[in-house]
Amino acid sequence: MNYIDIIGLFAGACITFSTIPQILKVWKTKKVKDISLKTFGILTFGIVVWIIYGILKRTFPSSLPIAFLYA
């Protein structure tokens, strides 16, 4: 596994686990109107890293729709 694959795995993990802070906040406060900035921060970071991964793997066309899906 090279560094580009590690970047891709890291981006995928950020996107996948980005909702955990939101779930925990709603669970604690019992209010769904509260929005966790951590959730959207991690999600945005993961999308940016995913795009970088796509560029490094030269699969940017396949990464772009994923970025728009989560944006």
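Residues numbered from 1 in each chain as written. Predicted model: local features only at pLDDT ≥ 70, side-chain atom pairs only at ≥ 80, totals over all residues. Heavy atoms only, no water.

1. What to know about the overall build of the protein
Under the convention used in this document: A run of H or I in DSSP counts as a helix once it spans at least four residues, and a run of E counts as a strand once it spans at least two, with each numbered from the N terminus. Buried residues are those whose accessible area, probed at 1.4 Å on protein chains only, stays under 20% of the maximum for their type, while exposed residues exceed 50% and partly exposed ones sit between those limits. Only heavy atoms enter the contact rule, under which two residues are in contact if any of them lie within 4.5 Å. Accessibility throughout is a Shrake-Rupley quantity obtained with a 1.4 Å probe, and a residue counts as covered only by protein chains that appear here.
Within the protein, the secondary structure is distributed over four helices and zero strands. Mapped from its N terminus to its C terminus, the protein presents α and β elements in the order α-α-α-α. Residues counted as buried form 27% of the 71 residues belonging to the protein. Within the protein, contacts between residues at least 6 apart in sequence are counted, and of these 56% link residues at least 24 apart. When the accessible area of the protein is evaluated, it comes to approximately 5,200 Å², of which 75% is carbon and sulfur surface.

2. Focus: the packing of helix α1 (residues 3-17) against helix α3 (residues 37-56)
Our working rule: Axis definition: a line fitted to C-alpha atoms, over the contacting stretch in the case of helices. Angles run 0 to 180 degrees between N-to-C directions. We call two directions roughly parallel when the angle between them is under 35 degrees, roughly antiparallel when it is over 145, roughly perpendicular when it lies between 65 and 115, and oblique otherwise. Put simply, a crossing is left-handed when the front helix is turned counterclockwise from the back one by less than a right angle, and right-handed when it is turned clockwise. Charged means Asp, Glu, Lys or Arg here, nonpolar means Ala, Val, Leu, Ile, Met, Phe, Trp, Tyr, Cys or Pro, and polar covers whatever is left, Gly included.
Interhelical geometry of α1 versus α3 gives an angle of 155° and a closest axis separation of 8 Å. In terms of orientation, α1 lies roughly antiparallel with respect to α3. Note on packing geometry: the crossing formed by α1 with α3 is left-handed. Counting all contacts with α1, which are made through Y3, I4, D5, I7, G8, F10, A11, G12, C14 and I15, the residues of α3 involved are I42, L43, F45, G46, I47, V49, W50, Y53 and L56. Here the contact of α1 with α3 is built from residues that sort into 15 nonpolar, three polar and one charged.

3. Overview of the confidence of the model for the protein
Here is the rule we go by: In predicted models, pLDDT denotes the confidence assigned by the predictor to each residue on a 0 to 100 scale.
When pLDDT is averaged along the protein, the result is 77, and 83% of the positions lie at 70 or above. In the model of the protein, helix α4 (residues 60-70) stands out as the element of lowest mean pLDDT, 61, in contrast to helix α2 (residues 20-29), which has the highest, 84.

4. Considering a nonpolar patch on the surface
As a reminder, the rule being used: Patch criteria: residues need more than 30% relative accessible area and no salt bridge. Like-charged residues are merged within 9 Å; nonpolar side chains of Val, Leu, Ile, Met, Phe, Trp and Tyr are merged within 5 Å. By salt bridge we mean one thing: a side-chain nitrogen of Lys or Arg within 4 Å of a carboxyl oxygen of Asp or Glu.
A cluster of nonpolar side chains, namely Y3, V48, I52 and L56, defines an oily patch on the protein surface of about 370 Å² accessible area. Sorting elements by how many residues they give to the nonpolar patch places α3 first, with three residues. Secondary-structure assignment places I52 in helix α3. We classify I52 as partly exposed; its relative accessible area is 40%.

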